[in-house]
Structures are given as C-alpha cells and as structure tokens.
Amino acid sequence: MSKTTRSEMAPWPLVMLIAAPLPLGLLDGAAIYWPQAPAVALCYAVSLLCLLLRGLTRTPRTEAALLFLGVASACLSPFLLLADGVDPSSGAGTWMYLFGASLLLWRVLALLAEETGLLRWLGPTLFGLGLLMGWEIITRGFAVPSVLLPPPSSILAAIPTHGGELWDDFCQTVLKSVVRGYLIGCGAGFVVAVLADRLPFLARGLLPLGNLASAIPVVGIAPVMVMWFGFDWQSKAAVIVIMTFFPMLINTLAGLATAEKIQLDLMRSYGAGYGKTLWLLRLPCALPFLFNGLKINSTLALIGAIVAEFFGTPVVGMGFRISTEVARMNLDVVWATITVAAVTGSALYGGLALAERRLTAWHPSFRKR
Amino acid sequence: MQAPLPPVPPPQTVPPAAIARTIVDARNVTLTYQTADKPVYALSDVSLKINKGDFISLIGPSGCGKTTLMRTIADLEQPTSGEIIVNGMTPEAARLKRAYGYVFQAPALYPWRSVERNVTLPLEIMGMPAAERQQRARDHLEMVGLAGFEKKFPWQLSGGMQQRVSIARALAFEPDLLLMDEPFGALDEITRDHLNLQLTRLWLQTQKTCIFVTHSIAEAVFLSTRIVVMSPRPGKILDVIDCEQHLPRERTLDIRETPEFAHIAQRVREGLMEGHSYDD
C-alpha cells in the first residue's frame, strides 16, 4: 500500500475543540469543568495530541493506529466520569468530545477500508465495536432504565450468570426443534421439487398452494400445531416444516429449470438417462438456487421455533425464556437470549454462505475472487 | 489407437458392404414443425449418403435446415417422414451407442468442471475407469493444443480455447462420426483460420467422418471433401460438390489462393444465389 494514495482528512474531528469551555457533567448538582476532572482532561489531551501528530505518520496503517488511540481515550472518558459519581447526561463538553471522537473513528475506518488480507476484517470489527461502545455510553451516560434497554456490558454479564438456562434453551430450541424441522422441511421441499419436476401435474397443483402457504402467518399456525403435536419440540418442528417447505420447493424447481437447452442436448447426445442428467447437469446448475432456499430457510426456521414456543412449551426454550422473563422484568436475560438467537442465526447463515462459496465458486457472482 | 477387436457379425438387415462404406444414409427425409399459424417446412425430401472418412460441409443461408438435418442425424429431432440410417442403425440406437460426437455452436462447457473434467464427462457417463478417463482427456487436450490447461476452468479460457475443449470432449470417447454445428461461428477470422487448420489435421490424423455446418464459403471449401449446398423454405439440397477431384486431401492455408479453390468457391456461391430469394 503506497503512502501517496492516502486521501486528505476533512477537518471535522476538530469539533472536539468546541468541548474545551463546556461543562463535563453534574457532580452533586454543580457543573464541573475540565480542571476538576484531571483524568478526563488527560484523555482529552491525548486525543488532541493524536490529531495534531497525525501529519507525522507515514502510512495509512500508522495513522489509523494513532487516531484509534485518540478514539479509545475519548471512549474511556465517560466511564471515568461515571466512576467519580459525575452525571454526564447534561455535560455538553463530554458529548461534544465524543461526537468529535466518532468522526475520528470514521477517519480510522476510511483508512482501514483499503486493507487486504487478514487486516481487512479489522475495519468491520471496529465498526461493530464502535456501535456497541456507542450503545454502552448512551445507555449508561443517560442512565437509561435497563427495562427499556440494558447496556451491552450487562447483557454480556448475564450470559455466564444464566449460562445453564441459556444452554438448555439452546438445546431445546436449536438442537431439537430447529435442526430437525429445518432438515425435514428442506429435505421434503427438495424431494417433492424433484418429483414435481418429473410429474408436471404435481408442480402445477403445488405452486399455487405454495403462494397460499407463504401467506400463512406463523402466529396463526403455531397454536394449531401445538394442539396437534403437543408441547415438546415436535410442534415447533412442524411449524418450521410448514414455513420452510415451500421456499425450498420453489427454489429447487426454479433451479432445476436453469439448465440450458444446449447443455441438455449435450447430455442427450451422450445417451445419458434422466438420473445421470439430473446428477451431472441439472443439480449442479440448480446449486445457487438450492443455497438461496437453504439460506432463507435458516433464518425462517429460528424465527418459527421461537415464535411457536410462545404458544406452549415445556419450561425450557428460547421463546419460553423470552416470554417469561419479560413478564418478570428480567430484561438482561431476555437480551442475552436474543443475543444467543442472533449469533446462532448468523452462524447458520454464515456457514451456509461459506459452503455456497466453496461449492459454487464457478458461478459468475463468485468468479472474481 | 484402437485395440484389435474380435470381428463382430454385422446386423442382418444391412449388407456388410454398405456398413463399411456408408456411415450416414438419409432417404427422403422431411421435417415439418407445427407452429401457431402455419406449418414450417424445415426439411423437404432430403436424401444424402455420407461415406466413412468423408468431410461433408452443409452450407446455406440461415433457416435452410442445415442444423435441423444434422440434429435429425443426431436424433435430437425426429423426421416427419423418410428414414435415416446412422452406422447401420436408427439414429436413436446410434445415439445410445454413442456413435457420434456433437460440437455445438456454443462450447456448452460446464462451468463447475475443470477443463479436464469437462472432457471426461462423456467417459464418466459411459462408465470408464477414472485413470483411463484422465489419460484420454490428456491425450485429446494435447491433440487440440491445450496440454497444460487441464486444471483451468472454462471461464478462464478464451472463446477459441473453449471451443477447442468442446472438440476434445467430442473426440474423447472416439466416436466414428463427428457432427459440428458452426463451431467457429462466433470466433474472429484469425482464430477461425487457425482452428480450421487444426481441424483438417485432426481429421486426417483420426480418420473420422465429419459433418460440418457453416455459413462461410471459404471455410466449407477449405475443409471439405464434399460440399452440400442447401436452400431455405423448404430446406432442400440444391447441389453436392465434390472437392476431392480438385483439391488434395492434405491442405494448408495457401490452397485458398489457388484457381481450383476459387473455382469451387464460385460454384458454391452460384448454388447459394440460385436457391436464395432476394426479392423478399
């Protein structure tokens, strides 16, 4: 990476200079200023120094590292104030300083956007951490009631303290309901699509039903499934099967139709029968569509299981946990469960996306990599 | 190239002499498509005999049925009436016995398979053991001048190279008959000349029978032992020109400058103009 390509920085982070004459917050009802909080003033000095010394750096990487130090010390300051018992919510100086720091983070991210190799993940990681830090600072700085929105740190703290419950919920919802429902739903959708492709009357009969099924609200079908299949995972799996069957069916059918006539003629000229044509030509052609269906369904399955658990479950499961802990105002547990669900969903989706990239590397949308 | 096989008794219905010589025999072939408003006569009473070792070009304006005739020989279309015999069998039996290799207008390579595995595709379908498949693919890729490209993917190759892969694929299972439907139509002139030269060498080397569809008079004259001139609406054969009387079997690009070449080209052009109605 050449140092000559570095773009100029807009001077906006200098808005943190406006913070100098402004109050930092209230201590026992009285406004306090920078001299009364030497530790915070030191952070401020570090940030300004980083800004000033920026011109001395020679590569984007060192500039990013230096400016990141400035951002980090700005992030530290509200916590120092809170530790001293200062209420920063009305401290215009503090917020102006942080505003300047977030503009500085922007510059850091812009510098890192050029990175390649392993370092290219640094930008997105810092972006995510920046959002979490903003959440933490705002909820704690303004003392947002944790019933409304707990800071990420207390959500994180709730995960180990409620680890046992969360693990049991994970086993019940993900390992029992989601995995089984997903496999049955996607598998059945795939098999029926292959059959429907062979028997056109089946496709013509099923596709209108597919539109109908995709319009069924999960909150409507879930209580019925609980009545049919009982409280345990079977009813959740049934809801998931209903939600995932048609997306898979429709995607598989569309995928099987993508083989070109000339490619089919080629197989015919080799005297290849239905099975060999399916296996060697039509399924590989359909792979991008199959993955599309699988990815859509991975998120649908998790949503389906959690919503279905609201309508009756043994006393375990993510949906059950959310509904009961909301009622008890234990919002940190609710948020911890939401976090586990979000991470699980992302992991499923990410795993499928990786597999897709490996198996369909030939597809025009991936070729350039 | 081929291991000596024990003599196989020929099918009873056709006399042995005919099998040895005639590889494609089309008799009064007619093919009509039913479209929404009126029937389209793609082929009308076409009769053609093609001998073993021939290089036949089908030439004619667009829509004259040359591709249709070839697809009928390949059992990719069924004639409405008339009869075709390929290698002493019906086209369907010949197709199921993999009697021909078909090279399409586009390379039709499978993008998820490497060049080598594209060439081994027909061999896999035939159930050949893996080691032998690989050897065959390497031999035939070398034959079309693509040694060293085995592990590449089709989309990493130029159009001309892709078409050569598809020719290697058609040759790989060593069919007696090679059907080529405007294989170089989408390529530039220089590449086309180069591939024409390679193709005529390949044909001499392998002793295959080739049927070649083209729009280009020069290409047809350069490659063929016989040129079949066709006319549209309805598709029928106007003229069959024997080039072997005038041109040697082994050819270089220079022969295109000879008077014999010009003479045959002139005859093809006359045939095409006769059959072509410019008034509509």
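Quick caveat: nothing in here was measured; it's all calculated off a predicted structure.

Parameters and conventions
- Residues numbered from 1 in each chain as written.
- Chains lettered and ligands numbered in written order.
- Predicted model: local features only at pLDDT ≥ 70, side-chain atom pairs only at ≥ 80, totals over all residues.
- Helix = DSSP H or I, 4+ residues; strand = E, 2+ residues; numbered from the N terminus.
- Rg over C-alpha atoms; globule rule 2.2 N^0.38 Å.
- Buried ≥ 20, exposed ≤ 12 C-beta atoms within 10 Å, placed from the backbone.
- Axes fitted to C-alpha atoms, helices over the stretch in contact; angles between N-to-C directions.
- Parallel < 35°, antiparallel > 145°, perpendicular 65-115°, else oblique.
- Left-handed = near helix turned anticlockwise from the far one by under 90°.
- Contact = placed C-beta atoms within 7 Å.
- Nonpolar A, V, L, I, M, F, W, Y, C, P; charged D, E, K, R; others polar.
- Domains from an automatic or database assignment.
- UniProt positions renumbered as here; feature names shortened; annotations may be inferred.
- Pairing = 2+ DSSP bridges.

**As for the overall build of chain A**
Regarding its fold elements, chain A presents 13 helices and 2 strands. Its C-alpha radius of gyration of 28 Å places chain A more than 25% over the 21 Å reference for a compact globule of 369 residues. Taken along its principal axes, the extent of the C-alpha atoms in chain A is 85 × 55 × 30 Å. When the 369 residues of chain A are sorted by exposure, 37% land in the buried category.

**Here we look at the packing of helix 8 (residues 218-229) of chain A against helix 9 (residues 233-256) of chain A**
The packing of two helices is summarised by the inter-axis angle and the distance between the axes. Residues and elements named next belong to chain A. Running from N to C, helix 8 and helix 9 cross one another at 140°; their axes reach a closest spacing of 8 Å. Between helix 8 and helix 9, the interaxial angle falls into the category oblique. When you trace helix 8 past helix 9, the crossing you get is right-handed. Contacts from Val218, Ile221, Ala222, Met225, Val226, Trp228 and Phe229 of helix 8 reach helix 9 at Gln234, Ser235, Ala238, Val239, Ile242 and Met243. When grouped by side-chain class, the residues that make up the contact of helix 8 with helix 9 number 11 nonpolar, 2 polar and no charged.

**Focus: the domain arrangement of chain A**
With domains assigned, chain A is organised as domain 1 (3-144) and domain 2 (159-359). Relative to domain 2 of chain A, the C-alpha centre of domain 1 of chain A lies at a distance of 43 Å.

**Things to note about the domain arrangement of chain B**
Taken as a whole, chain B is organised into domain 1 (15-99 + 176-259 + 266-280) and domain 2 (107-174). Each partner contributes to the interface: domain 1 of chain B provides 11 residues, whereas domain 2 of chain B provides 12 residues.

**Section: the UniProt feature "domain: ABC transmembrane type-1" (unreviewed entry) in chain A**
Here, UniProt's "domain: ABC transmembrane type-1" (unreviewed entry) annotation points to residues 188-359 of chain A. The span residues 188-359 of chain A is 85% helical and 0% strand by assignment, and the distance between its end C-alpha atoms comes to 22 Å.

**Details of the pairing of strand 3 (residues 55-59) of chain B**
Residue and element names in this part refer to chain B. Counting buried positions along strand 3 gives 5 out of 5 residues, so the element sits mostly inside the fold. Covered by surrounding structure in strand 3 are Phe55, Ser57 and Ile59 together with Ile56 and Leu58, the residues of both alternating faces. Relative to strand 7 (residues 209-214), strand 3 runs parallel, the two sharing 5 bridges. By the bridge assignment, Phe55 is partnered in strand 7 with Cys210. The sheet contact formed by strand 3 and strand 8 (residues 226-231) spans 4 bridges and is parallel. Its bridge partner lying in strand 8, Ser57 is registered against Ile227.

**Concerning the sheet that holds strand 3 of chain B**
Consider a sheet: its strands pair through backbone hydrogen bonds, and that pairing is either parallel or antiparallel. All names here are of chain B. Here 6 strands make up an open sheet; going across it, the order is 5-6-7-3-8-9 and the pairing mixed. Each edge of the sheet is formed by a strand with only one pairing partner; in this case those strands are strand 5 (100-103) and strand 9 (236-242). On average, each strand axis in the sheet is tilted by 15° relative to the strand beside it, whichever way the strands run. Across 5 bridges, the pairing between strand 6 (residues 177-181) and strand 7 is parallel.

**Some thoughts on the interface of chain A and chain B**
Listed per partner, the contact involves 14 residues of chain A and 17 residues of chain B. Counting residues per element, the ones that place at least two in the side of chain A that touches chain B are helix 10 (261-269) and helix 11 (274-309) of chain A. Ranked by residues supplied to the side of chain A that touches chain B, first place goes to helix 10 of chain A with 6 residues. For the side of chain A that touches chain B, a count of residues per class yields 7 nonpolar, 3 polar and 4 charged.

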